[in-house]
Amino acid sequence: HYIQGSMSKALDLHRSGFYIYAGVDISRYWNLGLAHDALQKDDLYPMASSRTHVMLTRKLGKASRLRFELSNGSQTNTNSALIQFIFGAGPHSFE
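Residues numbered from 1 in each chain as written. Predicted model: local features only at pLDDT ≥ 70, side-chain atom pairs only at ≥ 80, totals over all residues. Heavy atoms only, no water.

### A few points about the sheet that holds strand S7 (residues 78-87)
Here comes step 1: Reading across from one edge, S3-S4-S5-S6-S7 is the order of the five strands in this open sheet, with antiparallel pairing throughout. Edge positions in the open sheet fall to strand S3 (17-25) and S7, since each of these has one partner strand only. Geometrically, the sheet is characterised by an average inter-axis angle of 15 degrees between neighbouring strands, direction not taken into account.
Here comes step 2: Relative to strand S6 (residues 64-73), strand S5 (residues 49-59) runs antiparallel, the two being bridged by nine bridges. In the strand pairing of S6, His-53 is matched with Ser-71. (Pairing = 2+ DSSP bridges. Helix = DSSP H or I, 4+ residues; strand = E, 2+ residues; numbered from the N terminus. Axes fitted to C-alpha atoms, helices over the stretch in contact; angles between N-to-C directions.)

This is the structure in structure tokens:
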């Protein structure tokens, strides 16, 4: 967990934070979710960070999903959009 710096100062690389998610099925094929994550500052990242995510997921079949996600970073005031195709394989895919 530690890296020795060139100035003989050890950098603490242990990061603390959390992630919370809540989702609800709004129909047979659609799911609406809200998530929030946060990280505390450390030696390498001097600023704490947190983001809020809104996700809309479409169930395409038993093994595939299509997700639209909007995110906002509160400390850096950054916004992002993401389209994600999720495919599960094997007996433990989604159901």
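### Brief notes about a nonpolar patch on the surface
Here comes step 1: A grouping of Val-24, Ile-26, Leu-32, Leu-34, Val-54 and Leu-70 is seen on the molecular surface, where their side chains present a nonpolar patch of about 530 Å² in accessible area.
Here comes step 2: Mapping Leu-34 onto the fold places it in strand S4 (residues 30-39). (Patch = residues over 30% accessible without salt bridge, like charges linked within 9 Å, V, L, I, M, F, W, Y side chains within 5 Å. Areas by Shrake-Rupley, 256 points an atom, 1.4 Å probe, with all protein chains shown as cover. Salt bridge = Lys/Arg side-chain N within 4 Å of Asp/Glu carboxyl O.)

### Let's talk about the confidence of the model for the protein chain
Here comes step 1: Residue-level pLDDT values for the protein chain average 81, and 75% of them are 70 or greater.
Here comes step 2: A low-confidence stretch, residues 1-5 stays under pLDDT 50, and its non-local contacts, those more than four residues away or across chains, total 12 contacts. (pLDDT = per-residue confidence, 0-100. Contact = heavy atoms within 4.5 Å.)

### Focus on the pairing of S6
Here comes step 1: Between S5 and the antiparallel strand that follows it, S6, lie four residues.
Here comes step 2: Sheet analysis places S6 next to S7, joined by 10 bridges and oriented antiparallel. Bridge assignment links Arg-67 to a residue of S7, and that residue is Gln-84.

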